[in-house]
Amino acid sequence: MRILVTGGCGFIASNFIRFLYKAMPDVFVVNVDLLTYAGNPASVRDVAEKYAGAYAFVQADIADKDAMQALFKQYSFDAIVNFAAESHVDRSIHDPTPFLRTNITGTQTLLTLAKAFDVAKFLHVSTDEVYGTLGPTGKFTESTPIAPNSPYSASKASADLFCRAWYETYGYPVVITRCSNNYGPYQFPEKLIPLMYIKARNAEALPVYGDGTNVRDWIHVEDHCNGVWLALTRGTPGKVYNLGGDAERTNMQVVTSILDYCNKPHSLIRHVTDRPGHDKRYAMDFSLAQKELGFVPAWTFEKGLEQTLNWYANNQQWVGDVTSGAYREFAKLWYGGRQ
Ligand code: NAD
Ligand code: DAU
């Protein structure tokens, strides 16, 4: 089976490629990645070497129709799993333009070619953020109305609607997964858990937005990869499946756990200016995926967090390599104005 994985040098898709080789010994993976600031070939170096005969890497933009067409011609894909995206909410607030190109035009380009080349399966990786925000109770289901609040989630919601249109208009068999907040090895350190770990380790101030009572439903990346795999292999065309970790935590709970792991005082926490449009709470009802796909998250948050922080502690070189140049410029700009 030939699978096109987009964004395979990013956090989740690099883990997914590793997952695929275990789940499907006869798979051939083509990883297309533009290598933006968030893409790092070192995140897949081990599998690229181990499975060299069953792996190809192409540096290209999923929104570049000519480049994608050449790729579809060269390989007869049996399936596409679309992870490539601009994924960071804060960056989308600062400059939404790349989010429109990659997340919307990129997805539409892939859908167009997948239909033209008769690719049998298309799994689009989406997010719980398309549903907007929850109050203190309840969970998002697949029939919760889409109500995105950030430029990032608006672009992801738009991509989801294009997927829906491809199914409704052309009968193209696309499946969407919407997942909650991931954590685990190889996550770019602009996201909450690796960012706070690195700051705690260096005994720097930890910038918590607002009062830190916002809630996220955390899922280990391996559980997300399993959910995507199950949806790809067992999902019903045209359907959306929610995936979650059943692990709601406030940001303060997460940040203090990280400080405790690092043996650092809670006084390092700084409450800084809130993120504009900051969603209060996410929680996923994933009973449909449980019933139809057999999806059940295996990691508890406590075990997963410890494994993740151990991984960062043992992979300082990887952290140093990804937090150079362009990333530092953005961090200076974004956090410089937040007191
Ligand atoms: P990431 O930012 O770590 O990785 C994104 C990858 O996409 C990078 O390797 C980057 O180089 C690549 N990329 C960006 N623009 C591209 C383009 N135009 N063409 C080709 N490649 C391009 O992201 P992530 O956190 O791993 O998220 C992966 C996917 O999962 C995204 O679609 C995201 O919306 C979704 N998702 C993420 C989470 C989460 O908690 N991180 C949760 C739910 C869904
Ligand atoms: O819910 C799924 C989404 O999770 C994905 O679709 C996104 O791609 C992914 O980035 C993530 O979005 P969040 O905005 O929830 O993740 P982030 O790690 O940026 O923030 C998590 C929470 O921590 C959020 O409430 C904001 C807060 N936060 C974040 C940063 C970076 C802080 O308090 N301080 C910070 O410096």
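All figures in this text were calculated on a predicted structure; none of them were measured in a lab.

Observations regarding the sheet that holds strand β6 (residues 174–179)
Across a sheet, strands are paired by hydrogen bonds formed along the backbone, either parallel or antiparallel in direction.
Okay, step 1: Pairing is parallel in the open sheet, where seven strands are placed in the order β3-β2-β1-β4-β5-β6-β10. Strands with a single pairing partner mark the edges of an open sheet, and in this sheet they are β3 (55–59) and β10 (240–243). Pairwise comparison of adjacent strand axes, ignoring direction, gives a mean angle of 20° for this sheet.
Okay, step 2: As paired strands, strand β1 (residues 2–6) and strand β4 (residues 79–82) are joined by four bridges and run parallel to one another.

Some words on the packing of helix α3 (residues 65–74) against helix α5 (residues 97–116)
Okay, step 1: At a closest axis distance of 10 Å, the pairing of α3 and α5 adopts a crossing angle of 35°. For the crossing formed where α3 meets α5, the hand is right-handed. Mapping the contact onto sequence places Lys-65, Met-68, Gln-69 and Phe-72 in α3 and Thr-109, Leu-110, Thr-112, Leu-113 and Ala-114 in α5.

What to know about the nonpolar core
Okay, step 1: Counting residues in hydrophobic clusters, the biggest one holds 71 residues, and the most contacted among them are Ile-3, Val-5, Phe-16, Val-81, Phe-83, Ile-193 and Ile-258.
Okay, step 2: Apart from the residues lying within four places of it in its own chain, the contact partners of Ile-258 are Ile-193, Met-196, Tyr-197, Ala-200 and Leu-309.
Okay, step 3: Among the nonpolar cores identified, the runner-up in size contains 33 residues, and Ile-62, Ala-157, Tyr-172 and Tyr-282 belong to it.

Some remarks on the packing of aromatic side chains
The relative placement of two aromatic rings is captured by the distance of their centres and the angle of their planes.
Okay, step 1: According to the stated counting rule, one finds 26 aromatic pairs in the structure shown.
Okay, step 2: Each ring, one from Phe-162 and one from Trp-166, has its centre 6.3 Å from the other, and the planes form 55°; the classification is tilted. Here the residue Phe-162 and the residue Trp-166 both occupy positions in helix α6 (residues 151–170), the gap between them amounting to four residues, near one helical turn.
Okay, step 3: The class of Phe-162 is partly exposed, set by a relative accessible area of 31%.
Okay, step 4: When the centroid spacing of 5.4 Å and the interplanar angle of 70° are considered together, the rings of Trp-311 and Trp-318 count as edge-to-face.
Okay, step 5: Connected via pairs of aromatic rings, a cluster forms that spans Tyr-186, Tyr-197, Tyr-261, Trp-311, Tyr-312 and Trp-318.
Okay, step 6: Stacked on the ring of Phe-28, the Lys or Arg Arg-2 has its end atom at 5.5 Å from the ring centre.
Okay, step 7: One residue, Lys-115, lies across the ring of Tyr-170, its end atom 4.5 Å from the ring centre.

With respect to the site of ligand 2
Okay, step 1: Not every one of the 26 residues close to ligand 2 is listed here, only the nearest: Asp-128, Tyr-152, Arg-275, His-278 and Tyr-335.
Okay, step 2: In the model, an oxygen atom of ligand 2 is placed 2.8 Å from a nitrogen or oxygen of the Leu-192 main chain.
Okay, step 3: Separating an oxygen atom of ligand 2 from a side-chain N or O atom of Asn-251 is a distance of 2.9 Å.
Okay, step 4: When isolated, ligand 2 has an accessible area of 690 Å², and the protein chains bury 95% of it.
Okay, step 5: Contributing elements (two or more residues each) for the shell around ligand 2: α4 (89–94), α7 (192–201) and β8 (206–209).
Okay, step 6: Partitioned by chemical class, the residues of the shell around ligand 2 number 11 nonpolar, eight polar and seven charged.

As for unusual backbone geometry
Okay, step 1: The backbone phi angle of Asp-118 is positive, close to 55°, even though this residue is not glycine.
Okay, step 2: Here Asp-118 shows up in the loop between α5 and β5 (121–127).
Okay, step 3: What makes Asp-118 exposed here is its relative accessible area of 67%.
Okay, step 4: Of note in the backbone geometry, Asp-246 takes a positive phi value of approximately 55° without being a glycine.
Okay, step 5: Within the element layout of this structure, Asp-246 appears in the loop between β10 and β11 (248–250).

Calculation notes
- Residues numbered from 1 in each chain as written.
- Chains lettered and ligands numbered in written order.
- Predicted model: local features only at pLDDT ≥ 70, side-chain atom pairs only at ≥ 80, totals over all residues.
- Heavy atoms only, no water.
- Pairing = 2+ DSSP bridges.
- Helix = DSSP H or I, 4+ residues; strand = E, 2+ residues; numbered from the N terminus.
- Axes fitted to C-alpha atoms, helices over the stretch in contact; angles between N-to-C directions.
- Left-handed = near helix turned anticlockwise from the far one by under 90°.
- Contact = heavy atoms within 4.5 Å.
- Core = buried A, V, L, I, M, F, W, Y, C linked by side-chain atoms within 4.5 Å.
- Buried < 20%, exposed > 50% of the residue type's maximum accessible area, 1.4 Å probe, protein only.
- Phe/Tyr/Trp six-rings, centres within 6.5 Å; stacked < 30°, edge-to-face > 60°.
- Lys NZ or Arg CZ within 6 Å of the ring centre and 35° of its normal.
- Near = heavy atom within 4 Å.
- Polar contact = N/O pair within 3.5 Å; in protein donor to acceptor, adjacent residues only side chain to side chain.
- Areas by Shrake-Rupley, 256 points an atom, 1.4 Å probe, with all protein chains shown as cover.
- Nonpolar A, V, L, I, M, F, W, Y, C, P; charged D, E, K, R; others polar.

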